[in-house]
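If you want the building blocks of each chain, they are given just below.
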Amino acid sequence: MLEVKDVHAGYGNLKILRGINMNVPTGGIVTLLGGNGTGKSTLLKAISGLIPLMQGDVFFNGVNISNMKPHQRMRLGLVQVTQAKEAYPAMTVEENLVLGAYTRRDREGTKADLEKVYEFFPVLRERRKQLSGTLSGGEVQMLVIGRGLMAAPKMLMLDEPSAALAPKVVLEIFANINRIAKSGVTILVVEQNVRMALILAQYGYIIRDGVIMMQGEADNLISDPAVKDSFLGGSVADTSKALRN
Amino acid sequence: MAFDFNSLLAFIIFGVTIGVVYGIVALGISLIYSGLDIVHFAHGEMYMFGAFFGLVLAHNVGVPYPVALVGAMILTALLGMAVERVFYRRLTRAGGGYTVAGMGMIICGFGMSVALVNAAYFFFGAEAEPFRANLDYIPRLTFPGDINVPESYVLTAIISVLLMAGLHYFLRHTKTGLAVRAVAHNKDIAYLMGVNVPLMISLIFGLACGLAAAAGVLIGPMQSVQVEMGYLMLMKAFAAAVVGGFGSLPGAIVGGIMVGIFENLGAAYISASHKDIYAFLLLILVLMFKPSGLFGVEAKVKA
Ligand SMILES: Nc1ncnc2c1ncn2[C@@H]1O[C@H](COP(=O)(O)OP(=O)(O)OP(=O)(O)O)[C@@H](O)[C@H]1O
Ligand SMILES: [Mg+2]
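Residues numbered from 1 in each chain as written. Chains lettered and ligands numbered in written order. Predicted model: local features only at pLDDT ≥ 70, side-chain atom pairs only at ≥ 80, totals over all residues. Heavy atoms only, no water.

Visitor: What exactly am I supposed to notice about the side chain of A:Thr92 here?
Guide: Residues and elements named next belong to chain A. As for its placement among the helices and strands, Thr-92 is situated in the loop between β6 (78-81) and α3 (93-100). Judged by its relative accessible area of 17%, Thr-92 is buried. What Thr-92 contacts, discounting residues up to four positions off in sequence, is Arg-128, Lys-129, Gln-130, Leu-131 and Ser-132. (Helix = DSSP H or I, 4+ residues; strand = E, 2+ residues; numbered from the N terminus. Buried < 20%, exposed > 50% of the residue type's maximum accessible area, 1.4 Å probe, protein only. Contact = heavy atoms within 4.5 Å.)

Visitor: In this structure, what is going on with the site of ligand 1? I would like to understand it.
Guide: Residues and elements named next belong to chain A. Residues in close proximity to ligand 1 total 14 residues, the closest being Asn-36, Lys-40, Ser-41, Thr-42 and Glu-160. For ligand 1, an oxygen atom lies 3.2 Å from a polar atom in the backbone of Thr-38. Within the side chain of Lys-40, one N or O atom sits 2.7 Å away from an oxygen atom of ligand 1. Surface burial for ligand 1 is 62%, taken as the share of its 630 Å² of free accessible area covered by protein chains. Listed by contribution, the elements that provide at least two residues to the shell around ligand 1 are β2 (14-24) and α1 (40-48). For the shell around ligand 1, the class distribution of residues is 3 nonpolar, 9 polar and 2 charged. (Near = heavy atom within 4 Å. Polar contact = N/O pair within 3.5 Å; in protein donor to acceptor, adjacent residues only side chain to side chain. Areas by Shrake-Rupley, 256 points an atom, 1.4 Å probe, with all protein chains shown as cover. Nonpolar A, V, L, I, M, F, W, Y, C, P; charged D, E, K, R; others polar.)

Visitor: In this structure, what is going on with the packing of helix α2 (residues 43-61) of chain B against helix α3 (residues 65-93) of chain B? I would like to understand it.
Guide: The axes of two packed helices give the description: the angle between them and the distance between them. Residues and elements named next belong to chain B. Look at α2 against α3: their axes get within 8 Å of each other, and the N-to-C directions meet at 140°. Judged by the inter-axis angle, α2 sits oblique to α3. The interaxial crossing formed by α2 with α3 has right-handed handedness. Seen from α2, the contacting residues are Met-46, Phe-49, Gly-50, Phe-53, Gly-54, Leu-57 and Ala-58; seen from α3, they are Ala-68, Gly-71, Ala-72, Leu-75, Thr-76, Leu-79, Gly-80 and Val-83. Residue classes in the contact of α2 with α3 are distributed as 10 nonpolar, 5 polar and no charged. (Axes fitted to C-alpha atoms, helices over the stretch in contact; angles between N-to-C directions. Parallel < 35°, antiparallel > 145°, perpendicular 65-115°, else oblique. Left-handed = near helix turned anticlockwise from the far one by under 90°.)

Visitor: How do you make sense of the pairing of strand β1 (residues 2-11) of chain A when you look at a structure like this?
Guide: Residues and elements named next belong to chain A. As paired strands, β1 and strand β4 (residues 53-60) are joined by 6 bridges and run antiparallel to one another. In the sheet register, Leu-2 faces β4, and the bridge partner there is Phe-60. Relative to β2, β1 runs antiparallel, the two sharing 8 bridges. Within β2, the position partnered with Val-7 by the bridge is Ile-20. (Pairing = 2+ DSSP bridges.)

Visitor: It is not clear to me how the nonpolar core should be interpreted in this structure. Could you clarify?
Guide: The tendency in soluble globular proteins is for nonpolar side chains to be buried side by side. Membership of the largest hydrophobic core comes to 103 residues, with the highest contact counts inside it found for B:Leu27, B:Tyr47 and B:Met48. Apart from the residues lying within four places of it in its own chain, the contact partners of B:Tyr47 are B:Val25, B:Ala212, B:Ala215, B:Gly216, B:Ile219, B:Met229, B:Gly230 and B:Met233. A:Val81, A:Ala87, A:Leu143 and A:Ala181 belong to the second-largest nonpolar core, a separate cluster that totals 38 residues. (Core = buried A, V, L, I, M, F, W, Y, C linked by side-chain atoms within 4.5 Å.)

Visitor: Could you clarify how one ought to interpret the interface of chain A and chain B in this entry?
Guide: Residue-level contacts link 25 residues of chain A with 19 residues of chain B. For the pair chain A and chain B, the summed buried area comes to about 2,000 Å², and 67% of that belongs to carbon and sulfur atoms. Across the chain A-chain B interface, the total number found is 1 salt bridge. Ionic pairing is found between A:Glu95 and B:Arg181, a salt bridge with its closest N-O pair at 3.4 Å. Counting the contacts that link chain A with chain B gives 5 residue pairs in polar contact (both at pLDDT 80 or more). At the level of secondary structure, the elements contributing two or more residues to the side of chain A that touches chain B comprise α2 (70-75) and α3 of chain A. For the side of chain A that touches chain B, the class distribution of residues is 12 nonpolar, 6 polar and 7 charged. (Buried area = accessible area lost by both parts, 1.4 Å probe. Salt bridge = Lys/Arg side-chain N within 4 Å of Asp/Glu carboxyl O.)

Listed below in structure tokens is the structure:
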């Protein structure tokens, strides 16, 4: 579905991504892992068109979208949910969701999708007339995912949906990501919660300093000693030792 | 002068009417500010061009006043969109607000202001022209106590309210209005939701300049139309925007009305020859005691 070929990108003259190759097949979930500041969000921005490519190409369903504006890529069904979890605080929950369906002309389908989003995240229905600035962190995360869904995506890119959330909420959100994938939306999810992400996804990429360091089936990655050392943090005893030193 | 309640009322009524016009110009400045993070210093010239377009349409072409009003709004909107597209776009794309490009944008706005004034001298000449509009079909309002409100003021009040209601409806109840608000808050997210952001920015600019033109055509029949009229209007609209809270749309209107009333009362009871100072007096008072303005948003939440 998505093919990233030798992508170089960054901000101004500052190059962050140095030759990324990546492939997200139709259906299923792929995860992109990596530490802080390694270029995960930058890669998503390059794919969705928020920053221009310096080199390389991005293909979506076989179409070269490298030179398209973000709204044009989005209209092809490539939808990104940004990391900062920005809802529009001065708009109500429902206005945010309606904005997600901004490009759609099919009233019936839009209505049905709104129902579907409320079904995935019942708390949003309860809060639908509330300004989204008053939502909790977990609720905002559900709202931005819901807003992405309202765009009727073929592929949804999520940037750290678990960041700064309690384990129980993370579980709920990941369960819903799984349901969304089951409903036929291809998913690329950026995560720092490596264990959860590798359980959720079928395939994983690990990025470091703007290059893909490692990739493979999620099951293989999770048991890979190198991944264990650098991401899963070893045993509790190791962590506690590291903390006290 | 003995205190006379009726004349006080009259000053307030005139203050409100002229104030709404300041408010309409301030509304445009606020729209551009919240949409693009830039303070548009050439907005007074949009008002001036609007007044001239209205004048040319009404006198030279000979269309009725309401048609001239709408025509001037459309022409000025197109002028504003062209200016934005050709001159501002590069700078705004590099980021407005507190960035270096934002500074460049301010200077560019000043330059545009001077350029437009000179263009206006070339096209319209230096003469101040009276705007004779046939407003016989508008009733002249008479308030108790023999306060006579001339047609042009009545018309101004009606049209201003219509424009504001229209803008409110557009922003709150239409899908495009929703997109405009989305762009004003966060361009990246609006882009990701499939909003054609550059188009919306054009629209914001066109709207704001159209509003300024309406103000020009409305003020025209009260005062005369001349090339330098933009500066003072810009300053008063700024005062209105700051008093109401920069970037706030209701604030722009309330600020405008306050500036209008303050100015009229000052002229009436303190000194008429310093009429233009009172707006800035109010501005300074507000900045001293409530710098964010009456409806101020403390800081724009941005990412
Ligand atoms: N707008 C920007 N301008 C300049 N540099 C930026 C900008 N945004 C990010 N960077 C830099 O690019 C690098 C990669 O940032 P990016 O946001 O892609 O990291 P990330 O992998 O998403 O990290 P995190 O997990 O913390 O979100 C960082 O060094 C960051 O400082
Ligand atoms: Mg990130």
